[in-house]
Structures are given as C-alpha cells and as structure tokens.
Amino acid sequence: MERVIKIFDTTLRDGEQSPGCSMNLKEKIEMAQQLERMNVDIIEAGFAAASPGDLHSIQEISKHVRNITVASLARAHKDDIDKAWESLKYAANPRIHLFLATSPIHMEYKLKMTPEEVLETAEKMVSYAKSYCNDIEFSAEDATRSNVDFLAQVFSRAINAGATTINIPDTVGYTTPDEYYNFLTAVIEKCSQLKTVDISVHCHNDLGLGVANSIAAIKAGATQIECTVNGIGERAGNAALEEIVMALDTRRDYFNAATNIDTRQIMRSSSLLSRITGVKVQPNKAIVGANAFAHESGIHQHGVLNNKETYEIMTPESIGLDTNKLVLGKHSGRHAFNDKLIQLGYALSKEELDEAFKKFKDLADKKKDVFDKDIDALVSRQKVEIPNAFELEKYVINSGNTITSTATIRVKKEDSSVEEVAIGEGPIYASFKALEKIIGRDFELDDFALNSVTEGEDALGDAVVRLKEKNRVYVGRGLSTDIIEASIIAYINAANKIIYENTEV
Ligand code: KIV
Ligand code: ZN
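A quick note: this is a predicted structure, and the numbers were derived from the prediction, not measured.

Honestly, the overall build of the chain in this entry has me stumped. Any pointers?
Summing up its helical and strand segments, the chain has 18 helices and 18 strands in all. Taking 2.2 N^0.38 as the reference for a compact globule, 505 residues should give roughly 23 Å; the C-alpha atoms of the chain span a radius of gyration of 25 Å, in line with that estimate. Overall, the chain is about 75 × 60 × 45 Å in size when its C-alpha atoms are taken along their principal axes. Taken over 505 residues, the chain has a buried fraction of 53%. When contacts within the chain are restricted to residue pairs at least 6 apart in sequence, long-range pairs at least 24 apart make up 67% of them. Carbon and sulfur atoms make up 50% of the accessible area of the chain, which totals about 22,200 Å². Side chains of the chain give 58 positive and 76 negative charges; the mean places of these two sets differ by 3 Å.

Printed below as a string of structure tokens:
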C-alpha cells in the first residue's frame, strides 16, 4: 500500500535562523499562509524562548493558520517548554517540539551532562510537555553521531513519557544515504516502540546530501520529513522541500510513497520566500531554479518539441510554473482582476482589493503586458507592507557620463515633507546619499541588486537593498518600471523595516 509521508516545514524556524533570512511578523504570517496553501502537514513557526518577538510571532501565526499543525521549538528545559506552550495557546493543532543532544561530543562539551542525566531529562521533559499538549515531538540533536544503543534507550524513555513523533536528525550534515539507511534500520530494530510513533528525519546539507539522506530515510521507514523551502537553513541549509516532494511525486512508482503537498504551489512558495528574504535561488537549482525547465541545446529543443517526455521528467505546470501568461491589460475591470487573484490563491478583503486594483491600474498604465508574475509581485508585496515612517514623494535625478550624478529626493516623514540633494558616483549612489541625509542615520549598505520580474523592455524592475543595523540585515524591496525609482523605494522600505522592527512588540 502507498505510504503518505508527512511534510514538516521548518522554513520559519531553522530557515529563518540562517544569515540574511530573517523575516518580520507580517512576512512570517504571509509565508505561513502560503505553506498552509501548499498543504504542508506541520509548520515549525519558531523558537519561542529565543526572544519575546519570536514568541509573539508564533502566537500570531497560530491565529492565522488554522488547518495544519503549528509546532514551537523548545530546549529540554521547563522554562523553554512553558514559553513554547505560551506561544501555541491560540493554535488549533499545537505541537511542542523538544530537543536534547545525544552525541558524546554534544553531551560532554555543550550540555555538560552524563548520558544518564540525558536519559532522565528526556523522559522528565517529555512528560512535562505532555501535561500541556498531546502532540509532542522529541528530537535527539546530533543523532547521527550518537551511539545507536544509547539512542534506542533515549527514544524508548521519550515514547514511554508520551512523545508522539521521534526525530532522528543529521544535525551537522555528516551522514551519507547508505549509512543513514543502515543507522535508522538499526535504531528501529533496537527500539521497537518506534513503530508506534511517527519517525521523523531532519537533514542538514553540509555535504550536499540533505535531500538524498532524507529519501534514504523514507526507505528505512521514516514517516515525516523536516525540510525548508529553497533549502534555506543553518550553514549550508536543510533538505529542500521542493526537491523531496517532487522526487516522491515523480518517482511514485519507485518509492510507493506520496505527500499531501499541492505541488502547484511550489513555485509560488519559492518565489515568495525569495521576495521576502531577498535571497535569490541559484539558476540551476533543482525544481525551482530559473533554468530547471529551460532547454538550451538544439538537440534537446528538437526532442522536446516532438515529445516533451524526451527531456522532461516532470511538467512545469506540476509545480505551478505556467504563470507567465498574459493576463490583464489596462482595460481590465475590477471583477476580472479579482477573479485572477482568486485563481492565484489570494483572498483579499475589500480594502486590500481596492488598494491592489489601484496598483494594478497604475502598472497597466506604464506596462503594456501585465503577467501573472507581475500581479503576484504586486500583491504579495502589498500583503507584507508595514507602516511607513518614510514615503517617497518625488525625485529628480541628473546623470550622464560627463557629469557627477545629482539626486534630489523628497520624502514624506510623519506630517511633513523633507527634501535633500546629494551627489555621488552614479544616480543610485547619489540617491542613497540623499536618503541617508533625510533619514538622518548612516546605515551600512550590505548589498544591492536589481532584477526584472518578467522579460521585455517594459519589465518591472525589482530592486533589493540590504541595510545592516546592529549586526542584523534588513531587506528592502522596490518595484517600478523605472529602476532608479525601484532602488529608492527599496532603500526606504529597508529603513522603514528597521524602524518598524525596532518598535515592534
Ligand atoms: O538540526 C537540528 O538538529 C535541529 C533540531 C532542533 C531538530 O534543528
Ligand atoms: Zn536543524
């Protein structure tokens, strides 16, 4: 009989922990709702004890995501478990996810605990968490460098105390597919109770084997896979959700296993995450890379034209990549626009729809062809908009190859307008200098990038500005058919985020 493998998405916890991938509350909620739309079984919404902001985000995500399980991570400490439960108090389907290291190196140097103390703590803390909630996951951190017999004892104690899912992570991305298969088979053999709970795996990608190891684990009996969209996560990241899901989907004949994922939401989940974090996906990345379905060589193109299956093992449509269609133009009405939004998976309130429709009309005035991707970029940006401390009013740029660029920018700041002029090497540098003067702060520019949303001469320019403040990077995005305007908006957006996040909660 075909097995159904649960997908536990940790984009908002392990993923968000990785450098340059932090998200604010609105962004996390938008991402969580997209994960729900994609139908993952569980989302790990954060690590409540990390900060009051994290705890609050998990609470808010729990209020917005009602159809799937929401997990909150905790160390095996009473205080962490209390906070995890506090963060889950609004969840329709809460899960406390406890972790405790079991490898000799972690027990000795990190936990400073003996193996006996680890056994006792695992049992006590699972039973403490169980007093709050029925759905308890226990993770043996650094499991793949742990002793198999010891691990079997830890799991047996955790299951007896009430754990309903046991996670056997490859925390440091050290194992290999064959080795992991044999290791898991041995643990399952030594701890027969594992057959009564969900067996989960969580593979890091330090050797580029995260997905291969997760797939080997399914063969060994894992019933839940922990993964992230685009494979983001600590260090080299986690196993990529889209790769695992599409491997199972494409090779259903071989694995005899499926997931509950709506694969047509994969591309949107990937693009939304990139848009929020400003972290681009490499073009040759499996499934969601820009070239994943591109056929460049003549021989391949010829084959695909005759029969797609000559070189395509899955269709672009299966991951929702049929979106670059001409959709609406400047004569399209509100009704058609709303129908398109529903088709794209958005459910907007009347006010949100009014605002989105106005933005669409403005865009349709400037751009001849408006594609699904353009609409997606506009609306997903609108959904994560934060209160603006600064707003662009107007700008004039003087630039050329024989003059020093000058930027004059006027910005709305509270109830007044502030205007500044600055010169610089090039129009964008001059603009950023003028904005620094207006905002009155000297942010460190960590990165700046410009891309186009769709192809064509009138394509929407998508600017990404990363500003650094107190060791945290804030990602600003700007969309416009004018790339200088897009860059100015992106800079202001990043500055607004710094202000918003430092006054949040
Ligand atoms: O990598 C890891 O082991 C983890 C645990 C908290 C599951 O992230
Ligand atoms: Zn991890």
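It is not clear to me how the sheet that holds strand 6 (residues 136-141) should be interpreted in this structure. Could you clarify?
To summarise the sheet geometry, strands pair through backbone hydrogen bonds and adopt either a parallel or an antiparallel arrangement. Taken in spatial order, the 8 strands line up as 2-3-4-5-6-7-8-9 and close into a barrel, and their pairing is parallel. The average angle at which neighbouring strand axes cross in this sheet is 25°, direction not considered. Pairing of strand 4 (residues 69-75) with strand 5 (residues 94-101) involves 6 bridges; the strand directions are parallel. Paired with Val70 across the bridge in strand 5 is Pro94.

Before we go on, may I ask you to explain the site of ligand 1 in this structure?
Around ligand 1, the surrounding shell consists of Arg13, Asp14, His97, Phe99, Ser139, Glu141, Asn167, Pro169, Thr171, His202 and His204. In this structure, Thr171 approaches ligand 1 through a side-chain N or O atom, which is 2.7 Å from an oxygen atom. Taking His204, its side chain carries an N or O atom lying 3.0 Å from an oxygen atom of ligand 1. In isolation ligand 1 has 260 Å² of accessible area, and contact with the protein removes 95% of it. Counting only elements with at least two residues in the shell around ligand 1, the list comes to helix 1 (11-15), strand 5 and strand 6. The residue inventory of the shell around ligand 1, partitioned by class, reads 2 nonpolar, 6 polar and 3 charged.

What is the right way to read the packing of helix 6 (residues 115-130) against helix 7 (residues 148-160) from this model?
The angle between the axes and the distance between the axes are what describe a pair of packed helices. Put simply, helix 6 and helix 7 touch, their axes get as near as 8 Å, and they point 25° apart. When the axes of helix 6 and helix 7 are compared, the pair comes out roughly parallel. In this structure, helix 6 crosses over helix 7, and the sense of that crossing is right-handed. For the pair formed by helix 6 and helix 7, the contact residues are Pro115, Glu116, Val118, Leu119, Glu120, Ala122, Glu123 and Val126 on the first element and Phe150, Gln153, Val154, Arg157 and Ala158 on the second. Grouping the constituent residues of the contact of helix 6 with helix 7 by class yields 8 nonpolar, 1 polar and 4 charged.

What is the right way to read the nonpolar core from this model?
Nonpolar side chains in soluble globular proteins generally cluster together in the buried interior. In terms of nonpolar packing, the biggest core is built from 97 residues, with Val40, Ile43, Phe138, Phe155, Ile166, Ile168 and Leu194 touching the most fellow members. With 8 residues, the single largest contributor to this core is helix 7. Residue contacts for Phe155: discarding those within four places in its chain leaves Phe138, Ala140, Ile166, Asn167, Ile168, Val187, Cys191 and Leu194. Core analysis: the next-biggest nonpolar cluster, separate from the first, contains 26 residues, Phe390, Ile409, Ala422 and Ala490 among them.

Would you mind showing me how to read the coordination of the zinc ion (ligand 2) here?
Each pair of donors in an ideal four-coordinate tetrahedral metal site encloses 109.5 degrees, whereas pairs in an ideal six-coordinate octahedral site enclose 90 or 180 degrees. Around the zinc ion (ligand 2), the protein contributes the donor atoms Asp14 (OD), His202 (NE2) and His204 (NE2), which lie 2.0 to 2.1 Å from the metal centre. Linear spacing of the donor residues for the zinc ion (ligand 2) on their chain is D-x187-H-x1-H. One end of the pair, Asp14, is in helix 1; the other, His204, is in the loop between strand 8 (198-202) and helix 9 (210-220), with 190 residues separating them in the sequence. By relative accessible area, Asp14 is classed as buried at 2%.

Thresholds, definitions, all that
Numbering of residues starts from 1 in every chain and runs along the sequence as written. Starting at A for chains and at 1 for ligands, labels are handed out in the order in which the entities are written. Only residues with pLDDT of at least 70 are given local features in this predicted model, and only at 80 or more are side-chain atom pairs given and counted; all residues enter the totals for whole chains, interfaces and linings. Excluded from the side-chain calculations are hydrogens and water; all other atoms, namely the structure's heavy atoms, are used. Labels follow the DSSP assignment, with helices taken as runs of H or I lasting at least four residues and strands as runs of E lasting at least two, numbered in each case from the N terminus. Within these notes, the globule rule equals 2.2 Å times the number of residues to the 0.38 power, and the radius of gyration is based on C-alpha atoms. With a 1.4 Å probe rolled over the protein chains alone, any residue whose accessible area is under 20% of its type maximum counts as buried; one over 50% counts as exposed, and the rest are partly exposed. Residues count as neighbours in contact if any of their non-hydrogen atoms are within 4.5 Å of one another. Computed with a 1.4 Å probe, the accessible areas rest on the Shrake-Rupley method; for each residue, only the protein chains presented here act as cover. Charge convention: Lys and Arg are scored as positive, Asp and Glu as negative, and His as well as the terminal groups of each chain are ignored. Charged groups are reduced to one reference atom each: NZ for lysine, CZ for arginine, CG for aspartic acid, CD for glutamic acid. Strand pairing requires that DSSP identify at least two bridges connecting the strands. Angles run from 0 to 180 degrees between N-to-C directions of axes, and those axes are lines fitted to C-alpha atoms, restricted for helices to the stretch in contact. Here a residue is near a molecule or strand as soon as one of its heavy atoms is found within 4 Å of it. In the analysis that follows, any N or O atom pair within 3.5 Å is treated as a polar contact, provided that within protein one partner can donate a hydrogen and the other can accept it, and provided that, for residues neighboring in sequence, both atoms belong to side chains. Ten residue types, Ala, Val, Leu, Ile, Met, Phe, Trp, Tyr, Cys and Pro, are classed as nonpolar, four, Asp, Glu, Lys and Arg, as charged, and the remainder, Gly among them, as polar. When an angle is under 35 degrees it counts as roughly parallel; over 145 it counts as roughly antiparallel; between 65 and 115 it counts as roughly perpendicular; any other value is oblique. Each helix crossing is assigned a hand: it is left-handed if the near helix lies turned anticlockwise from the far helix by less than a right angle, otherwise right-handed if that turn is clockwise. Only buried Ala, Val, Leu, Ile, Met, Phe, Trp, Tyr and Cys residues count toward a nonpolar core, and they belong to the same one when joined by side-chain atoms within 4.5 Å. With water omitted from the atoms examined, metal sites may look incomplete; donors here are N, O and S atoms no farther than 2.8 Å from the metal, or 3.2 Å in the case of Na, K and Ca.

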